[in-house]
There are 2 protein chains.
Amino acid sequence: MELGLLYSGGKDSTLAALLLEDFYDVTLLTAHFGVSDDWKHARETADAAGFDFERLECDPDVAREAADRIREDGFPRNGIQLVHTHALEQLADRSFDAIADGTRRDDRVPTVSRAQAQSLEDRHDVDYIAPLSGFGRSAVDALVEARLDVTVGPSEEIDRADYEAELRSIIAAEDGPEAIAECFPDHHQTYVTDVR
Amino acid sequence: MELGLLYSGGKDSTLAALLLEDFYDVTLLTAHFGVSDDWKHARETADAAGFDFERLECDPDVAREAADRIREDGFPRNGIQLVHTHALEQLADRSFDAIADGTRRDDRVPTVSRAQAQSLEDRHDVDYIAPLSGFGRSAVDALVEARLDVTVGPSEEIDRADYEAELRSIIAAEDGPEAIAECFPDHHQTYVTDVR
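Residues numbered from 1 in each chain as written. Chains lettered and ligands numbered in written order. Predicted model: local features only at pLDDT ≥ 70, side-chain atom pairs only at ≥ 80, totals over all residues. Heavy atoms only, no water.

### Here's the deal with the sheet that holds strand β3 (residues 52–57) of chain B
Residues and elements named next belong to chain B. Convention followed: Any two strands are treated as partners once DSSP identifies two or more bridges connecting them. Put simply, DSSP marks the helices as runs of H or I at least four residues long and the strands as runs of E at least two long, and each gets a number from the N terminus on. Axes, fitted as lines to C-alpha atoms, cover a helix only where it is in contact. Angles between the N-to-C directions of the axes lie from 0 to 180 degrees. Here, two residues are considered to be in contact whenever any of their heavy atoms come within 4.5 Å of each other.
Read across the open sheet, the five strands follow the order β3-β2-β1-β4-β5; overall the sheet is parallel. The sheet is open, and its two borders are formed by β3 and β5 (127–129), each paired with just one other strand. The sheet shows a mean angle of 30 degrees between the axes of neighbouring strands, taken without regard to direction. Along the sheet face, helix α4 (residues 77–92) touches β1 (2–6), β2 (25–32), β3, β4 (98–100) and β5 and points at about 160 degrees away from the line of β1.

Laid out in structure tokens, this is it:
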């Protein structure tokens, strides 16, 4: 069975890939809104982990709408949710038997409710799987420690390909680099360098 | 890391074991309320699948309380939830690093909410994992088809070790065998005979 996994190069979506690889032919796909080349960081991690990789072309208008939303809100949650929902729809339109993402039990954003999952499955005739949705933070941390080599650092210094990278680029282009710090709370992100 | 998985010999908990076996040292544990020897069916499936197996001693009073509840309700849902919650507490009291069960995204019973999961983890200093909670019915069916050999039949003819077996025994002893049909809707269950 062919499965397409929405992939950022971060620890959650990498763990999701490891959980599924014995059961599906897994392809990792990274959303690309045409703004920056950050998707290449995810390709490097996918190569290191030994997975097939594709770019998932997404609508630049959705990224601009999400960036506008983040600038209005002053925080990223709703904008991130918007691009995640769009990326899942794009992924569901491909010809995979199943699609998946790295959402976890304790994530605040992005989230996919049971009703949203069922709707995605019914409209696209595809299985949607969230392999980490039954894992809490402590269990995820233990698996990361056991299986992944990671680099941790402030978001602005870590090269990865989650949605933030392109949304940050849009916001910086519109309002200048200093606007990023206002919209994105200072947090640390991880970039997976290898899989054990 | 040592993980104890609440196990019935059915397809859901067997799939849960397969999903976790690359990441944890998995022991399968079947609840035993001292009523019948149905736990032995789960041991046979665990042996066929190549997993370590233990009996999980549970409180007979809880089984009787659950049976009473089912007789009063006329349907099994609340009684099954009661014994599942009790069995998880017993399992969390053991010395595993993580515990797990086979609850799925689309299950109506038993369920473990995010708040219940967090409470279990905090009180027992253990990770609780529901590896199938991100899989819908169609995805589970596809994995069963790919990986498990199963026997399907009416509940009363299938030898397995889910909670129903012991609760049925209690109800039959109290009210006679005909009472079982009144409380348990006619449904088909699966018993896993082998793992591919």
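The rest of the description comes next.
### Some thoughts on a negative patch on the surface
All names here are of chain A. Our working rule: Patch membership requires more than 30% relative accessible area and the absence of a salt bridge. Residues of like charge join within 9 Å; the nonpolar side chains Val, Leu, Ile, Met, Phe, Trp and Tyr join within 5 Å. Accessibility throughout is a Shrake-Rupley quantity obtained with a 1.4 Å probe, and a residue counts as covered only by protein chains that appear here. A carboxyl oxygen of Asp or Glu within 4 Å of a side-chain nitrogen of Lys or Arg is what we treat as a salt bridge. Under this rule, positive means Lys or Arg and negative means Asp or Glu; His and the chain ends count for nothing. A charged residue contributes its charge at one atom only: NZ of Lys, CZ of Arg, CG of Asp or CD of Glu. Accessibility here uses a 1.4 Å probe with only protein chains present; expressed as a share of the type maximum, an area under 20% marks a residue as buried, one over 50% as exposed, and anything in between as partly exposed.
Taken together, the side chains of Glu2, Asp25, Asp52 and Asp97 define an acidic patch exposed on the protein surface. Looking at the secondary structure, you find aspartate 25 in strand β2 (residues 25–32). You can call aspartate 25 partly exposed: its relative accessible area is 45%.

### Focus: the interface of chain A and chain B
Keep this limit in mind: Buried surface area refers to the total accessible area, computed with a probe of radius 1.4 Å, that the two partners give up upon joining, counted for both partners together. Two N or O atoms form a polar contact when they lie within 3.5 Å of each other; inside protein one atom must be a possible hydrogen donor and the other a possible acceptor, and for residues adjacent in sequence the pair counts only when both atoms belong to side chains. Classification used: nonpolar for Ala, Val, Leu, Ile, Met, Phe, Trp, Tyr, Cys and Pro, charged for Asp, Glu, Lys and Arg, polar for all others including Gly.
Chain A puts 28 residues into the contact, and the matching count from chain B is 28 residues. The contact between chain A and chain B buries some 2400 Å² in all, and 54% of this surface belongs to carbon and sulfur atoms. The largest contributions to the chain A side of the interface with chain B come from Phe23, Arg105 and Arg114 of chain A, which together make up 27% of the buried area. Linking chain A to chain B there are four salt bridges. The salt bridge involving aspartate 106 of chain B is made with arginine 114 of chain A; its shortest N-O contact spans 3.7 Å. Linking chain A to chain B there are 13 residue pairs in polar contact (both at pLDDT 80 or more). Elements with a minimum of two residues in the side of chain A that touches chain B: α1 (11–20), α5 (114–124), β5 (127–129) and α6 (137–147) of chain A. Take the side of chain A that touches chain B: its biggest share by element is six residues, from α6 of chain A. Of the residues that constitute the side of chain A that touches chain B, the class distribution is 16 nonpolar, four polar and eight charged.

### Re the relation of the copies chain A and chain B
Threshold: In superposing the copies, a least-squares fit is computed on C-alpha atoms, taking residues whose pLDDT is at least 70 in both.
Expressed as a screw transformation, the operator carrying chain A onto chain B has a rotation angle of 180 degrees and an axial translation of 0.0 Å, and the superposed copies differ by an RMSD of 0.0 Å. These values place the two chain copies in the arrangement generated by a two-fold rotation axis.

### Remarks on the sheet that holds β2 of chain A
Residue and element names in this part refer to chain A. Here we have five strands laid out as an open sheet, ordered β3-β2-β1-β4-β5, and parallel in their pairing. For this open sheet the edge positions go to β3 (52–57) and β5, each flanked by a neighbour on one side alone. Pairwise comparison of adjacent strand axes, ignoring direction, gives a mean angle of 30 degrees for this sheet. When strand β4 (residues 98–100) meets β5, the two strands line up parallel, connected through three bridges. If you follow alanine 98 over to β5, its bridge partner there is aspartate 127. Contacts from α1 reach β1 (2–6), β2, β4 and β5 within the one sheet, and its direction differs from that of β1 by about 165 degrees.

### Considering the confidence of the model for chain A
Which entries qualify depends on this criterion: A residue's pLDDT is the predictor's confidence in that residue, given on a scale from 0 to 100.
Per-residue confidence for chain A averages 92 on the pLDDT scale, and 97% of its residues sit at or above 70. Interface predicted TM-score (ipTM) for the complex: 0.91; the corresponding pTM is 0.93.

### Comments concerning the pattern of salt bridges
Residues and elements named next belong to chain A. One pass over the structure, following the stated rule, counts 34 salt bridges over all chains. Note that arginine 71 and glutamate 174 form a salt bridge whose closest N and O atoms lie 3.9 Å from each other. With arginine 71 in helix α3 (residues 60–73) and glutamate 174 in helix α7 (residues 163–175), this pair connects stretches of sequence that are 103 residues apart. On the basis of relative accessible area, arginine 71 is assigned to the partly exposed category, the value being 29%.

### Let's talk about the packing of aromatic side chains
The relation between two aromatic rings is expressed through the spacing of the ring centres and the mutual angle of the planes. All names here are of chain B. We count it as follows: Ring pairs shown here join Phe, Tyr and Trp side chains whose ring centres sit within 6.5 Å, with only the six-membered ring taken for Trp; geometry is labelled stacked below 30 degrees between planes, edge-to-face above 60, and tilted in between.
According to the stated counting rule, one finds two aromatic pairs over all chains in the structure shown. With a centroid separation of 6.4 Å and 10 degrees between ring planes, the pair formed by tryptophan 39 and phenylalanine 53 is classed as stacked. Residue tryptophan 39 is found in helix α2 (residues 39–49), and its partner phenylalanine 53 is found in strand β3; the two are separated by 14 residues along the sequence. When sorted by exposure, tryptophan 39 lands in the same class as phenylalanine 53, which is buried.

### Some remarks on the packing of α1 of chain A against α6 of chain A
Residues and elements named next belong to chain A. Definition in use: Angular relationships are summarised with four words: roughly parallel below 35 degrees, roughly antiparallel beyond 145, roughly perpendicular across 65 to 115, and oblique for the angles in between.
Remark: α1 packs on α6, axes separated minimally by 11 Å, with the N-to-C direction vectors making an angle of 75 degrees. Compared by their axis directions, α1 and α6 come out roughly perpendicular. Between α1 and α6, the residues in contact are Lys11, Asp12, Leu15 and Leu18 and Val140, Leu143, Val144 and Arg147, respectively. Classifying every residue of the contact of α1 with α6 gives five nonpolar, no polar and three charged.

### A look at the packing of helix α4 (residues 77–92) of chain A against α5 of chain A
Residue and element names in this part refer to chain A. To keep it simple, the criterion reads: Crossings are classed by handedness, with left-handed meaning an anticlockwise turn of the near helix from the far one by less than a right angle and right-handed meaning a clockwise turn.
Packing of α4 against α5 leaves a shortest axis separation of 10 Å and a crossing angle of 30 degrees. Between α4 and α5, the angle falls in the class roughly parallel. Note on packing geometry: the crossing formed by α4 with α5 is right-handed. Here α4 contributes Leu88, Glu89 and Ala92 to the contact with α5, which in turn contributes Leu120, Arg123 and His124. Its residues assigned to classes, the contact of α4 with α5 comprises three nonpolar, one polar and two charged.

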